[in-house]
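Chains, contacts and geometry: an overview
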Amino acid sequence: MRPYARLGLLVVAAIVGGCATALDESETAAKTAAALKASFRPAGQAGLDRLEQDETQRACSLAAGKAPPKDVAAMIEQTNLATIRYPADGKLLGDWKNGERIAQEGRGKQFSDDPKGPVGANCYACHQLSKGELSFGTIGPSLYQYGKLRGNSVDVQRYTFGKIYNSEAFTACTNMPRFGHKGILSEQQIKDVAALLLDPASPVNQ
Ligand code: HEC
């Protein structure tokens, strides 16, 4: 069975096999989804398809902000790991200067943005990355000196590229977007941001 189908079964098992509370929760989730759909209208590139949850998101919604059960977490990570497409040319790092621009840029996917324009990743909205930038969010851990602390081995490069490509592959139900999996960033953009984290010359490692 494909991992995605198995994850679906686990989610169903969690609902059916669980107690009455689980059933109530899934009913509430369905009502919430209907209310959301009724109150949003599509605009520009922001269509109502953005409200559709995939199996991972559904499983995480069922966990309702808590850590999901261990077997569900393992299945989410396995399913998402299988989606990561590593670069065919084997090069995992790009240009850190471009990466810094991408990490700073929050525009690209909003309804008012040109769908043909460049898309940013807004990494700074959740992470500290460099010492120079004073305005950053703290939803995610500080990544300042990320490369200096971990080194630049192929394993570290693969983890970093993969984490940015699909964060759920390593931490089930994380708040971090799945930049490659969801088509937010291109392969080259992910390479550039990975270089921002790992290049010794990048401001992250000063
Ligand atoms: C909406 C918030 C959010 C955004 C935007 C975001 N992240 Fe994260 N990130 C997190 C959270 C939360 C974690 C910790 C949980 C986890 O590991 O997924 C995290 C973890 C990470 C980790 C793992 C750190 C470790 O110690 O192994 C890396 C690497 C990372 N983020 C890089 C990035 C990069 C690069 C970007 C921009 C392309 C980015 N993140 C954008 C929230 C975010």
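My aim in this report is to walk through the structure given alongside it, one point at a time. Everything quoted here is computed from the prediction, not taken from an experiment.

Scanning the protein chain from terminus to terminus reveals eight helices and zero strands. Put simply, the protein chain runs from its N terminus to its C terminus through helices and strands in the order α-α-α-α-α-α-α-α. Residue pairs at least 24 apart in sequence account for 61% of intrachain contacts in the protein chain once pairs closer than 6 positions are excluded. Summed over all atoms, the accessible surface of the protein chain reaches about 11900 Å², with 57% contributed by carbon and sulfur.

Across soluble globular proteins, nonpolar side chains show a tendency to be buried alongside one another. Within the largest apolar cluster, 28 residues are counted, with the highest numbers of intra-cluster contacts made by Leu129, Ile164, Leu185 and Leu197. When contributions to this core are tallied by element, the ones reaching two or more residues are helix H5 (96-104), helix H7 (154-165) and helix H8 (187-198). Here the element with the most residues in this core is H8; it accounts for seven residues. Those residues in contact with leucine 185 that sit more than four places away from it in its chain are Ile102, Val119, Gly120, Ala121, Ile164, Phe179, Gly180, Ile190 and Val193. Residues Ala59, Cys60, Ala73 and Ile76 belong to the second largest nonpolar core, which totals six residues.

Let us look at the coordination of the iron atom of the ligand. In the first shell of the iron atom of the ligand, the protein supplies His127 (NE2) and Met176 (SD), at 2.0 to 2.3 Å from the metal. Relative to the metal, the six donor atoms surrounding the iron atom of the ligand lie at angles of 82 to 178°, and the coordination shape comes out octahedral. Placement of the pair is histidine 127 in the loop between H5 and helix H6 (146-150) and methionine 176 in the loop between H7 and H8, with a sequence separation of 49 residues. Judged by its relative accessible area of 11%, histidine 127 falls in the buried class.

The next point concerns the environment of lysine 182. Along the chain, the position of lysine 182 falls in the loop between H7 and H8. Residue classification places lysine 182 among the partly exposed positions, given a relative accessible area of 40%. Distance from lysine 182 to tyrosine 165, taken between C-alpha atoms, is 8.5 Å for residues 17 residues apart in sequence. Sequence-distant contacts of lysine 182, that is, excluding residues within four places in its chain, are made with Asp54 and Gln57. Within the structure, the side chain of lysine 182 is placed 3.4 Å from the side chain of aspartate 54, a separation counted as a polar contact.

Taken together, 22 residues sit near the ligand, with Cys123, Cys126, His127, Tyr159 and Met176 positioned nearest. Threonine 171 places a polar side-chain atom, nitrogen or oxygen, 3.2 Å from an oxygen atom of the ligand. Mapped by element, the contributors of at least two residues to the shell around the ligand are H6, H7 and H8. The greatest single-element share of the shell around the ligand, amounting to three residues, is contributed by H7. Taken together, the residues of the shell around the ligand break down into 14 nonpolar, six polar and two charged.

Attention now moves to the side chain of threonine 160. Tracing the backbone shows threonine 160 in helix H7. In this structure threonine 160 comes out as buried when scored by relative accessible area, which is 1%. Beyond its immediate stretch of four places on either side in the chain, threonine 160 contacts Tyr146, Ala194, Leu197 and Leu198.

Moving on, we get to unusual backbone geometry. A positive phi angle, near 65°, is found at glutamine 145, a position not held by glycine. Considering the arrangement of structural elements, one finds glutamine 145 in the loop between H5 and H6. Overall, glutamine 145 belongs to the partly exposed group, its relative accessible area being 21%.

Reading the values: the criteria
Residues numbered from 1 in each chain as written. Predicted model: local features only at pLDDT ≥ 70, side-chain atom pairs only at ≥ 80, totals over all residues. Heavy atoms only, no water. Helix = DSSP H or I, 4+ residues; strand = E, 2+ residues; numbered from the N terminus. Contact = heavy atoms within 4.5 Å. Areas by Shrake-Rupley, 256 points an atom, 1.4 Å probe, with all protein chains shown as cover. Core = buried A, V, L, I, M, F, W, Y, C linked by side-chain atoms within 4.5 Å. Buried < 20%, exposed > 50% of the residue type's maximum accessible area, 1.4 Å probe, protein only. Donors = N, O, S within 2.8 Å, 3.2 Å for Na, K, Ca; no water. Tetrahedral: all angles 85-135°; square planar, octahedral: opposite > 155°, others 65-115°. Polar contact = N/O pair within 3.5 Å; in protein donor to acceptor, adjacent residues only side chain to side chain. Near = heavy atom within 4 Å. Nonpolar A, V, L, I, M, F, W, Y, C, P; charged D, E, K, R; others polar.

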